[in-house]
Amino acid sequence: MNPVKVLVISSIDEACKKEIIDVSPRIHLVDATHIWDARHILTRDESGAYSRELDLLLADAEVIYGRRPPPNMVSRAPKLKWFQTFLAGVDHFLDEELIRSPIKITNMGGLHTCVAETTLSMILMLSKGAPFCFENKRKKKWVRYDPLSVEGSTVGIVGLGKIGKIVARLCKAFGMKVFATRRSAKAGDTARYVDKIFPMSNLEVLLSKGDFILSVLPSTPDTDKMFGEKEFRRMKKSAFFINMGRGNAVDEEALIRALSEGWIAGAGLDAYEKEPLPPESGLWDLPNVILFPHVSGKMKNYERLINRIFCENLERYLHGKRLKNLVNKKKGY
Ligand SMILES: NC(=O)c1ccc[n+]([C@@H]2O[C@H](COP(=O)([O-])OP(=O)(O)OC[C@H]3O[C@@H](n4cnc5c(N)ncnc54)[C@H](OP(=O)(O)O)[C@@H]3O)[C@@H](O)[C@H]2O)c1
């Protein structure tokens with residue numbers, strides 16, 4: 001049996017490396033992170049000697065495992081069959097060359113219950129007036145008010161994928177009504193924990209019905225600025241907008257106007273047009289917004305969890321089985 005060269009390009013600990021090697025005696029693991037570490041892409045010099053050394057390792061790799069591919073991976077790794085990213089989204093690196101190549105891409109989708117948990121915490125914090133309380137705590141002010149109850153309210157999920165489905169289940173546990181849509185949605189579609197699925201052509205109807213509108217969309221040309229002035233104006237004045245997907249889906253200028261002019265009641269954000277959110281962004285000073293620094297997908301032990309998924313996929317790869325979490329490169333997610 002031929003050895004399979006697995007090139008690791010983002011640092012992982014020794015236990016993770018051992019787990020990969022233990023998958024099969026055929027695995028020949030090469031750690032390239034002393035040359036180039038895709039976790040710390042900006043701290044490494046991808047030129048001169050580093051580049052030549054990396055070229056040699058790439059030339060032989062059949063499988064690459066890391067956060068994002070090195071530049072020009074397709075031409076530099078002619079034997080490459082499969083790239084496994086540490087991430088859920090592939091928008092940062094999916095270029096034309098990679099789309100056209102036969103290289104399979106798999107992501108870490110399905111691991112992100114934590115994003116759904118953050119969504120629920122946003123729903124609860126916004127409805128319970130947490131931003132108001134945090135502000136008053138800072139000022140040592142005792143102001144009583146009427147928090148909202150989420151029971152009986154409606155969430156509208158835009159992007160009913162792996163994360164959206166977990167959100168739907170959690171919202172049901174709080175007695176909420178769940179409406180949703182996704183790219184492929186057709187009238188009459190059904191899904192567990194979802195009361196009604198709307199085709200995308202009826203997005204505006206869904207927006208007008210939600211007390212919480214959640215975007216959990218990937219970044220693709222089709223999702224670009226899906227939420228703009230028209231969409232925010234369709235939402236209820238009392239509704240909250242939550243973005244857990246990608247920042248490209250939101251026209252931030254329109255969102256800032258929606259929030260400051262009262263078209264909607266508030267927002268909870270974990271993804272932005274530009275990250276880190278620039279200091280001059282109008283979002284920082286809005287009292288009705290909760291800002292998370294794109295951390296909802298992070299968790300302790302992440303490395304161990306993704307390594308388990310990679311090893312399971314590696315086993316499938318060695319046995320010629322279909323890989324889990326295959327990215328549809330044409331769709332971009
Ligand atoms: N904030 C974070 O830290 C964090 C962490 C993990 C992931 N994310 C983001 O969340 C996204 C979703 O993750 P996931 O695991 O749930 O992905 P997923 O299972 O691939 O689901 C994506 C969903 O978006 C829908 N969609 C795609 N393009 C669309 C369009 N143009 N119009 C309407 N719906 C569209 C898809 O519709 P179909 O089902 O019809 O294809 C699918 O339901 C990821 O792509 C990533 O960008 C963020």
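Residues numbered from 1 in each chain as written. Predicted model: local features only at pLDDT ≥ 70, side-chain atom pairs only at ≥ 80, totals over all residues. Heavy atoms only, no water.

1. Things to note about the sheet that holds strand 12 (residues 289–291)
1) Next: With parallel pairing, seven strands are arranged side by side in an open sheet as 8-7-6-9-10-11-12. Here the strands that pair on one side only, and so sit at the sheet edges, are strand 8 (196–198) and strand 12. This sheet shows a mean twist of 15 degrees between the axes of neighbouring strands, independent of strand direction.
2) Next: Packed on one face of the sheet, helix 5 (residues 113–127) meets strand 6 (154–158), strand 9 (212–215), strand 10 (240–243), strand 11 (266–269) and strand 12 and runs near 155 degrees to strand 10. (Pairing = 2+ DSSP bridges. Helix = DSSP H or I, 4+ residues; strand = E, 2+ residues; numbered from the N terminus. Axes fitted to C-alpha atoms, helices over the stretch in contact; angles between N-to-C directions. Contact = heavy atoms within 4.5 Å.)

2. Quick look at the domain arrangement of the protein chain
1) Next: You can read the domains of the protein chain as domain 1 (4–110 + 300–318) and domain 2 (113–291).
2) Next: Relative to domain 2, the C-alpha centre of domain 1 lies at a distance of 34 Å. (Domains from an automatic or database assignment.)

3. Examining the pairing of strand 9
1) Next: Taking every second residue as pointing to the same face, both faces of strand 9 are buried, with Phe 212 and Leu 214 on one and Ile 213 and Ser 215 on the other.
2) Next: Here four bridges tie strand 6 to strand 9, and the two strands are oriented parallel to one another. Each residue of the ladder has a partner; that of Ile 157, found in strand 9, is Leu 214.
3) Next: When strand 9 meets strand 10, the two strands line up parallel, connected through four bridges. Of the residues in strand 10, the one forming a bridge with Ser 215 is Asn 243. (Buried < 20%, exposed > 50% of the residue type's maximum accessible area, 1.4 Å probe, protein only.)

4. Focus on the nonpolar core
1) Next: Among the nonpolar cores identified, the biggest contains 31 residues, and Ile 123, Val 155, Ile 157, Val 167, Cys 171, Phe 212 and Ile 242 are the most heavily contacted of them.
2) Next: Contributing elements (two or more residues each) for this core: helix 5, strand 6, helix 7 (162–173), strand 7 (177–181), strand 9 and strand 10.
3) Next: Examining the composition of this core, we find that eight residues originate from one element, helix 5, more than from any other.
4) Next: Sequence-distant contacts of Phe 212, that is, excluding residues within four places in its chain, are made with Ile 123, Ser 127, Val 150, Ser 153, Thr 154, Val 155, Gly 156, Met 176, Phe 240 and Ile 242. (Core = buried A, V, L, I, M, F, W, Y, C linked by side-chain atoms within 4.5 Å.)

5. Describing helix 1 (residues 14–21)
Helical periodicity: at 3.6 residues per turn, an α-helix aligns residues three or four positions apart in one direction.
1) Next: Three or more residues of helix 1 are buried, namely Cys 16, Lys 17 and Ile 20. Projected down its long axis, helix 1 shows its buried positions confined to an angular sector of 100 degrees, all on one face.
2) Next: As for helix 1, its buried residues are in contact with strand 2 (27–31), strand 3 (63–66) and helix 11 (302–318).
3) Next: Where helix 1 begins, the side chain of Asp 13 points an oxygen toward the backbone nitrogen of Ala 15, at a separation of 3.3 Å. (Arc of directions from axis to C-beta. Polar contact = N/O pair within 3.5 Å; in protein donor to acceptor, adjacent residues only side chain to side chain.)

6. Brief notes about the packing of helix 5 against helix 7
1) Next: Interhelical geometry of helix 5 versus helix 7 gives an angle of 45 degrees and a closest axis separation of 9 Å. Taken together, the axes of helix 5 and helix 7 lie oblique to each other. In this structure, helix 5 crosses over helix 7, and the sense of that crossing is right-handed. Each of Thr 113, Val 115, Ala 116, Glu 117, Thr 119, Leu 120 and Ile 123 in helix 5 lies in contact with helix 7, whose residues at this interface are Ile 163, Ile 166, Val 167, Leu 170 and Cys 171.
2) Next: Residue classes in the contact of helix 5 with helix 7 are distributed as nine nonpolar, two polar and one charged. (Parallel < 35°, antiparallel > 145°, perpendicular 65-115°, else oblique. Left-handed = near helix turned anticlockwise from the far one by under 90°. Nonpolar A, V, L, I, M, F, W, Y, C, P; charged D, E, K, R; others polar.)

7. Digging into unusual backbone geometry
1) Next: Between Glu 275 and the following residue, Pro 276, the backbone shows a cis peptide bond with an omega angle of -5 degrees.
2) Next: A positive phi angle, close to 55 degrees, is found at Asn 72, a residue other than glycine.
3) Next: Tracing the backbone through its elements, the reader meets Asn 72 in the loop between strand 3 and helix 3 (73–76).

8. Details of the side chain of Thr 223
1) Next: Position of Thr 223 among the secondary structure elements: in the loop between strand 9 and helix 9 (229–234).
2) Next: The buried category is assigned to Thr 223, whose relative accessible area is 5%.
3) Next: At a separation of 2.8 Å, a polar atom in the side chain of Thr 223 contacts the main-chain carbonyl oxygen of Pro 218.
4) Next: A polar contact is formed between the side chain of Thr 223 and the side chain of Asn 248, at a distance of 3.2 Å.

9. Let's talk about the site of the ligand
1) Next: The local shell around the ligand holds 26 residues, among which Lys 162, Ile 163, Ser 184, Asp 270 and Tyr 333 are the closest.
2) Next: In the model, an oxygen atom of the ligand is placed 2.9 Å from a nitrogen or oxygen of the Lys 162 main chain.
3) Next: Between a nitrogen atom of the ligand and a main-chain N or O atom of Met 244, the distance comes to 3.1 Å.
4) Next: Look at the ligand: alone it shows 930 Å² of surface, and the protein chains cover 90% of it.
5) Next: Each residue belonging to the shell around the ligand can be placed in one class, and the counts come to 11 nonpolar, nine polar and six charged. (Near = heavy atom within 4 Å. Areas by Shrake-Rupley, 256 points an atom, 1.4 Å probe, with all protein chains shown as cover.)

10. A closer look at the packing of helix 1 against helix 11
Two measures define how a pair of helices packs: the angle their axes make with one another and the distance between the axes.
1) Next: Contact geometry of helix 1 with helix 11 gives a least axis separation of 9 Å together with a crossing angle of 10 degrees. With respect to helix 11, the element helix 1 is oriented roughly parallel. The chirality of how helix 1 crosses helix 11 is right-handed. Contact residues: helix 1 offers Ala 15, Cys 16, Glu 19 and Ile 20, while helix 11 offers Glu 303, Arg 304, Asn 307, Arg 308, Phe 310, Cys 311 and Leu 314.
2) Next: A class-by-class count of the residues in the contact of helix 1 with helix 11 yields six nonpolar, one polar and four charged.

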